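# Reading the structure
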Amino acid sequence: MAEESDLEKTESATPRRLQKAREEGQIVRSRELSTFALLAAGFFGVWGMSGSIGEHLQGMLRAAFTFDHAGAFETRRMLIGAGVASREGLYALLPILAFTGAAALFAPMALGGWQLSSKGLEPKFDRLNPIAGLGKMFSINGPIQLGLSLVKTLVVGVIGGTAIWNRREEILALATQPLQLALANTVHLIAVCCGMTVAGMFVVAALDVPYQLWQFHKKLRMSKEEVKREHRESEGDPHVKGRIRQQQRAIARRRMMTNVPRADVVVTNPTHFAVALQYTDGEMRAPKVVAKGVNLVAARIREIAAENNVPLLEAPPLARALYHNVELNREIPGPLYGAVAEVLAWVYQLRRFKTEGGAVPMAPTELDVPAELDKGGISDDEADQEAADTLNPAMNPDNDASGASA
């Protein structure tokens, strides 16, 4: 089952999976890169600070082996000399310690960066299981790690051995040279061999870093089902999100329906569309749409308008243009000013007729609606959505006499 599960993990790790792994302390690490950084820092530190190191070492030797006859029998003076020698030795090693310490801190940043996680310190007693330990020894990673160790030893050994073999005559000639010249040549040969060893470790690190990156991302691979599940967890279940959107639409429509009694007029299609307009002189720059809907929602708007004596005007082109081009609680666009002005003039005349009597005002019939704003009837998707929201009782919190169709 484990092998089948591994085979199913064909997808790269998602950013969320990588972040979670990082929080748990799982980051890319290369021991060979850290080893190379430490060796390189130590080698170049000694090489660059050789003059200062030599002076401090001379001072340490001078303090250790220079004393007079009286000082040989005084414990206090011997302790002072030992302190001076220790201080000079510390000064000699301090630059090397600084270089290697910086390398130890900054080398991991080349791959995974710094990571402080307490989860890495939590005790895991399953690591004490000898069966699990044997399983790791005989797993596929065991031979791979053994092979890498052999390759590392072989590369470093070949490079270091080649450097020594090519200079075998110089090494043998050291015995015939004067002391000062022999010491200088010895230091030079040691530096060359150490430099070749550092170069060998660079080759090993260059091979190990890509392998560690590949191994890390392979370990975090995911199956298609895991990717889908994570997407659902992060983005939310589509069914739940759909229910939330429907509830939000229901609440918005319920609030919208409360604006219908305050409207000045409702423009209808007459059956498919209904748009409620409101205008307050001195408070609004232009009339605005306070409610709109199609099909059953339009029927509910007309019903509420009739109950509250809000005038209804059948103007199909204007109703369609308002529905498609104006959002709720937004002012009408400029091209519709003329047509809406005629409608509001009829509304004011109708109010005067109700209060003062006289001839019944004629409803406007030929309204100037730009053809590009009249987008025709409702689309199939809009009709389906209206029907679903209205006919699904579970999604409809407005199934009451005063509420809106959800």
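Residues numbered from 1 in each chain as written. Predicted model: local features only at pLDDT ≥ 70, side-chain atom pairs only at ≥ 80, totals over all residues. Heavy atoms only, no water.

The next point concerns the pattern of salt bridges. Applying the stated criterion to the full structure yields 3 salt bridges. Between R351 and D264 there is a salt bridge; the shortest N-O distance is 2.7 Å. One end of the pair, R351, is in helix α14 (residues 337-356); the other, D264, is in the loop between α11 (238-257) and β1 (265-268), with 87 residues separating them in the sequence. Residue R351 is classed as partly exposed on the basis of its relative accessible area of 40%. Judged by relative accessible area, D264 falls into the buried class, the value being 8%. (Salt bridge = Lys/Arg side-chain N within 4 Å of Asp/Glu carboxyl O. Helix = DSSP H or I, 4+ residues; strand = E, 2+ residues; numbered from the N terminus. Buried < 20%, exposed > 50% of the residue type's maximum accessible area, 1.4 Å probe, protein only.)

To continue, consider the packing of helix α3 (residues 31-48) against helix α9 (residues 179-219). Relative to each other, α3 and α9 sit at 155°, their axes nearing to 8 Å. Here α3 lies roughly antiparallel to α9, going by the angle between them. When the axes of α3 and α9 are compared, the crossing they make is left-handed. From α3, R31, E32, L33, T35, F36, L39, A40, F43 and W47 reach across to α9, where they touch A191, C194, G195, V198, M201, F202, V204, A205, D208 and V209. (Axes fitted to C-alpha atoms, helices over the stretch in contact; angles between N-to-C directions. Parallel < 35°, antiparallel > 145°, perpendicular 65-115°, else oblique. Left-handed = near helix turned anticlockwise from the far one by under 90°. Contact = heavy atoms within 4.5 Å.)

Looking at the secondary structure, you find Q212 in helix α9. With sequence-adjacent residues up to four places away left out, Q212 is seen in contact with V28, R29 and S30.

With 6 of 6 residues buried, strand β2 (residues 273-278) lies mostly within the body of the structure. With burial as the criterion, each face of β2 is covered, one bearing F273, V275 and L277 and the other bearing A274, A276 and Q278. Summarising the sheet, β1 and β2 pair through 4 bridges and their orientation is antiparallel. Within β2, the residue paired with V266 across the bridge is A276. Linking two consecutive strands that pair antiparallel, namely β1 and β2, is a turn of 4 residues. Here β2 pairs with strand β3 (residues 288-294) via 6 bridges, running antiparallel. Each bridged residue has a counterpart across the sheet, and for Q278 the counterpart in β3 is K288. (Pairing = 2+ DSSP bridges.)

Turning our eyes to something else, we now look at the side chain of K292. Turning to its location among the elements, K292 is positioned in strand β3. Of note is the side chain of K292, whose polar atom sits 2.8 Å from the backbone oxygen of V326. (Polar contact = N/O pair within 3.5 Å; in protein donor to acceptor, adjacent residues only side chain to side chain.)

Taken in spatial order, the 4 strands make up an open sheet running β3-β2-β1-β4, and their pairing is mixed. Either end of the sheet is taken by a strand with one partner, and the two such strands are β3 and β4 (312-314). Recorded for the sheet is a direction-independent mean angle of 20° between the axes of neighbouring strands. Both β1 and β4 contribute to a ladder of 3 bridges, which runs parallel. Bridge pairing in β4 links V266 to L312. On the sheet, helix α12 (residues 295-307) packs against β1, β2, β3 and β4 and is oriented at approximately 125° with respect to β3.

A word on the packing of aromatic side chains. For the coordinates displayed, the defined rule picks out 3 aromatic pairs. Relative to Y323, the ring of F273 has its centre 5.1 Å away and its plane inclined at 70°; by these criteria the two rings are edge-to-face. With a gap of 50 residues between them, F273 in strand β2 and Y323 in helix α13 (residues 316-325) connect regions that are remote in the sequence. We classify F273 as buried; its relative accessible area is 0%. In this arrangement the basic side chain of R168 is found over the ring face of W165, its NZ or CZ atom lying 4.1 Å from the centre. Cation over ring: K292 sits above Y323, and NZ or CZ is 4.9 Å from the ring centre. (Phe/Tyr/Trp six-rings, centres within 6.5 Å; stacked < 30°, edge-to-face > 60°. Lys NZ or Arg CZ within 6 Å of the ring centre and 35° of its normal.)

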